[in-house]
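Below are the chains, spelled out letter by letter.
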Amino acid sequence: MTVHKHKKDLEKTVLELKSKNISIGLVPTMGALHLGHISLVRQALDKNDVVIVSIFVNPTQFDNKKDLENYPRTLNQDIELLKTASKEKIIVFAPTAKDIYNSNIQATDFSFDGLEYEMEGKFRDGHFDGVGTIVKRLLEIARPDNAYFGKKDFQQLQIIKKLVEKHKIPVNIIGCEIERDADGLAKSSRNMRLKPEYREAAPFIYKTLKSAKVKFGTKSANEVVKWVTKQFAKHPILKLEYFIIANAQNLKPVKRKSNNKSYRAFIAVYADDIRLIDNIALN
Ligand code: PAF
């Protein structure tokens, strides 16, 4: 498996691939890969001749220094896991921050037409500017035909679609379904840091989302929000940060339901000091 640690080496490879009309898929990651990532990689392998998997813990998208320091870094393990999907068709891009940002580790200011102010945007200052900055750079370096993102970060997915549209970047953005453990917990690199007691409690998040979906069939958004808030208020260890029912397109909270719109419920929960997010389509 080819592993590039420098931008210029990947750019050279991409130039060669393009000259041979070889299609490129990109799966951007921050490493600590799990089967959720591998599912994105497999979807990319299915539709592209070559798949570039970037592994880069992007400093500009962390508003919390401790979270950045504690973020798991497991490059060798990640490479071994990727080999189980393909040894020949995957190129790993694992640059250093200096290679990506030179000496200026700073995010660009973006406007995503208001998508950035909802939900995660209210709790993670500057997060989406950081995501926009790195994803735009990765798209410019890897020049993929298709790029793959999980729906667990649904707001991020909508923001990346907006980024590509606004900056006229020629790539298809593909949103992939959420991968879950057998007990329903959405797969995340953060799960490996959960203490056993919290890991055991965490499936409550998806269980509550599923009940919220059922309730949304007959109740108003407001009633469902109240019900979910109450469930978490009673929970002995999980702490709800937010639960919102929003329009799936513009991510604005729902005031009154209408039949021709699609809605999603979004949740962020603290399990000790680990922040978990999840979401579900409601209709
Ligand atoms: O979803 C992630 O892991 C990151 O936000 C991404 C898209 C790789 C950008 O750093």
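Scroll up a little and you will see the structure.
Right, let's walk through the structure included here. (Residues numbered from 1 in each chain as written. Predicted model: local features only at pLDDT ≥ 70, side-chain atom pairs only at ≥ 80, totals over all residues. Heavy atoms only, no water.)

### Some points on the site of the ligand
Consideration 1: By nearness alone, every residue bordering the ligand is listed as Pro28, Thr29, Met30, Asn58, Gln61, Ile134, Phe149, Asp153 and Gln156.
Consideration 2: At 2.6 Å from an oxygen atom of the ligand is found a side-chain nitrogen or oxygen belonging to Gln61.
Consideration 3: Between Gln156 and the ligand, the recorded distance is 2.7 Å, taken from a side-chain N or O atom to an oxygen atom.
Consideration 4: Considering the ligand on its own, with 290 Å² of exposed area, one finds that the protein chains cover 88% of that surface. (Near = heavy atom within 4 Å. Polar contact = N/O pair within 3.5 Å; in protein donor to acceptor, adjacent residues only side chain to side chain. Areas by Shrake-Rupley, 256 points an atom, 1.4 Å probe, with all protein chains shown as cover.)

### Some points on the packing of aromatic side chains
Consideration 1: Here the structure, examined in full by the defined rule, presents 7 aromatic pairs.
Consideration 2: Ring centres of Phe204 and Phe232 lie 5.1 Å apart, and the angle between their planes is 75 degrees; this geometry places the pair in the edge-to-face category. Of the two residues, Phe204 is situated in helix 10 (residues 204-216) and Phe232 in helix 11 (residues 221-234); the sequence distance between them amounts to 28 residues.
Consideration 3: Geometry around Trp227 places Lys215 over its ring, the cationic atom sitting 4.7 Å from the centre.
Consideration 4: Note that Lys257 overlies the ring of Phe216, its terminal NZ or CZ placed 4.3 Å from the centroid. (Phe/Tyr/Trp six-rings, centres within 6.5 Å; stacked < 30°, edge-to-face > 60°. Helix = DSSP H or I, 4+ residues; strand = E, 2+ residues; numbered from the N terminus. Lys NZ or Arg CZ within 6 Å of the ring centre and 35° of its normal.)

### With respect to the sheet that holds strand 7 (residues 238-247)
Within a sheet, each strand pairs with its neighbour through backbone hydrogen bonds, oriented either parallel or antiparallel.
Consideration 1: On the basis of which strands lie adjacent, the open sheet formed by 3 strands has the order 7-8-9 and antiparallel pairing. Strand pairing shows two members of the sheet lacking a second neighbour, strand 7 and strand 9 (274-281), which therefore form its edges. Pairs of neighbouring strands in the sheet enclose a mean axial angle of 15 degrees, with direction left out of account.
Consideration 2: Bridge count between strand 7 and strand 8 (residues 263-271): 9 bridges; the pairing is antiparallel. Considered in strand 8, the bridge of Leu238 is made with Ala271.
Consideration 3: Packing of helix 11 onto the sheet brings it into contact with strand 7 and strand 8, and relative to strand 7 it is tilted by some 170 degrees. (Pairing = 2+ DSSP bridges. Axes fitted to C-alpha atoms, helices over the stretch in contact; angles between N-to-C directions. Contact = heavy atoms within 4.5 Å.)

### As for the nonpolar core
Consideration 1: Judged by nonpolar contacts, the single largest core of 43 residues is most densely connected at Ile52, Val135, Leu139 and Ile173.
Consideration 2: Tallying contributions element by element places helix 7 (residues 127-142) first for this core, with 8 residues.
Consideration 3: Judged by nonpolar contacts, the second largest core, of 28 residues, contains Val228, Phe243, Ile245 and Ile274. (Core = buried A, V, L, I, M, F, W, Y, C linked by side-chain atoms within 4.5 Å. Buried < 20%, exposed > 50% of the residue type's maximum accessible area, 1.4 Å probe, protein only.)

### A look at the pairing of strand 9
Consideration 1: With respect to burial, strand 9 is a largely interior element, 7 of its 8 residues being buried.
Consideration 2: Strand direction decides the pairing type here: strand 8 and strand 9, joined by 8 bridges, are antiparallel. Its bridge partner being in strand 9, Phe266 is matched across the sheet by Asn279.
Consideration 3: Between strand 8 and strand 9, which follow one another and run antiparallel, lie 2 residues, and Asp272 among them has a positive phi close to 60 degrees.

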